[in-house]
Each structure stands twice: as structure tokens, then as C-alpha cells.
Amino acid sequence: LEPAPDSDEGRFLARWGPGIWHARIAVADLDAKADDLRERGTPFTEVRTGFADPEVVLRIDPAATPACLFEFCAVG
């Protein structure tokens with residue numbers, strides 16, 4: 001499988017090549033994590049994955065990270 005060229009994942013792959021450039025961190029309460037990110041002033045978007053699990057992730061704005069995508073998803 002390969003990400004669509006016009007997706008965030010596709011743009012990162014085109015820019016940085018294959019490798020570890022995406023981290024997904026599981027949290028107990030996704031709503032609480034969203035509140036925490038807002039309080040910290042960390043820009044993020046809610047992204048629907050198209051899968052049943054996880055259905056939604058919180059993706060940190062790549063401008064706020066060291067050229068890596070970070071996402072938070074709910075545990076289980």
C-alpha cells in the first residue's frame with residue numbers, strides 16, 4: 001500500500017522518503033487529550049481514519065514537530 005500523493009502521509013513520504021516519520025500514541029481519553037493540547041496551545045486537527053479502530057485520531061500540526069507526524073488515538 002502507498003499513501004495518496006495529495007494526503008499528509010503522501011507529502012511526507014515524497015519529502016522525507018521511506019522510514020519512521022509517523023508516531024501514533026495511545027491515550028486513555030481522547031477528549032481529555034484534545035483539551036490538554038488546546039491548553040498547551042499545540043495545534044492539531046481531528047482526522048477520521050476510515051477504519052473502525054481507531055476511527056479518529058488527533059494529528060499534531062507538522063509545523064509544531066521536528067518534521068514528523070504525531071497522532072494520538074484512544075486505547076482499545
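Further up the page is the structure itself.
Keep in mind the model is a prediction, meaning the values are calculated, not measured.

Student: Now, about the layout of surface pockets: what can you tell me, with residues and values included?
Tutor: Counted as a void, the largest pocket has a volume near 310 Å³. As for the largest pocket, its lining consists of 12 residues, of which Glu9, Arg24, Thr49, Phe51 and Arg59 are closest to the centre. Of all the secondary-structure elements, those providing two or more residues to the lining of the largest pocket are β2 (44-48) and β3 (56-60). Residue composition of the lining of the largest pocket, grouped by class: 5 nonpolar, 1 polar and 6 charged.

Student: Quick rundown of the packing of aromatic side chains? Include the residues and the values.
Tutor: Centre-to-centre distance and the angle between the planes together describe a pair of aromatic rings. The tally for this structure, following the rule as stated, stands at 0 aromatic pairs. The residue whose ring lies beneath Lys33 is Phe72, and the NZ or CZ to ring-centre distance is 4.9 Å.

Student: Account for the sheet that holds β3, naming residues and giving values.
Tutor: Reading across from one edge, β1-β4-β3-β2 is the order of the 4 strands in this open sheet, with mixed pairing throughout. A single partner strand is all that each edge strand has here, and the edge strands are β1 (22-27) and β2. Averaged over all neighbouring strand pairs, the angle between strand axes comes to 30°, with direction disregarded. Two elements, β2 and β3, share 5 bridges in a ladder whose sense is antiparallel. Bridging across to β3, Thr45 finds its partner in Arg59. Across the sheet, helix α2 (residues 30-40) is in contact with β1, β2, β3 and β4 (69-74); its angle to β3 comes to roughly 15°.

Student: Tell me about α2, and please be specific about residues and values.
Tutor: Taken together, the buried positions of α2 are Leu30, Lys33, Ala34, Asp36 and Leu37. Axial view of α2: buried residues confined to an arc of 160°, hence all on one face. Seen from the buried face of α2, the exposed residues on the opposite side, beyond 90 degrees, are Asp31, Arg38 and Glu39. Those residues of α2 that are buried are in contact with β1, β2, β3 and β4. The N-cap of α2, judged by a side-chain oxygen 3.1 Å from the amide nitrogen of Asp31 a few residues on, is Asp29. Count one or two residues on from α2 and you reach Gly41, which has phi positive near 75°.

Conventions and cut-offs
- Residues numbered from 1 in each chain as written.
- Predicted model: local features only at pLDDT ≥ 70, side-chain atom pairs only at ≥ 80, totals over all residues.
- Heavy atoms only, no water.
- 1 Å grid on protein atoms, 1.4 Å probe; cavity = no way out; pocket = protein on both sides within 12 Å on 5 of 7 lines; lining within 4 Å.
- Points joined across faces, edges and corners; volume = space filled by probe spheres on them.
- Helix = DSSP H or I, 4+ residues; strand = E, 2+ residues; numbered from the N terminus.
- Nonpolar A, V, L, I, M, F, W, Y, C, P; charged D, E, K, R; others polar.
- Phe/Tyr/Trp six-rings, centres within 6.5 Å; stacked < 30°, edge-to-face > 60°.
- Lys NZ or Arg CZ within 6 Å of the ring centre and 35° of its normal.
- Pairing = 2+ DSSP bridges.
- Axes fitted to C-alpha atoms, helices over the stretch in contact; angles between N-to-C directions.
- Contact = heavy atoms within 4.5 Å.
- Buried < 20%, exposed > 50% of the residue type's maximum accessible area, 1.4 Å probe, protein only.
- Arc of directions from axis to C-beta.
- Polar contact = N/O pair within 3.5 Å; in protein donor to acceptor, adjacent residues only side chain to side chain.

The values reported here are purely geometric and, on their own, carry no functional implication.
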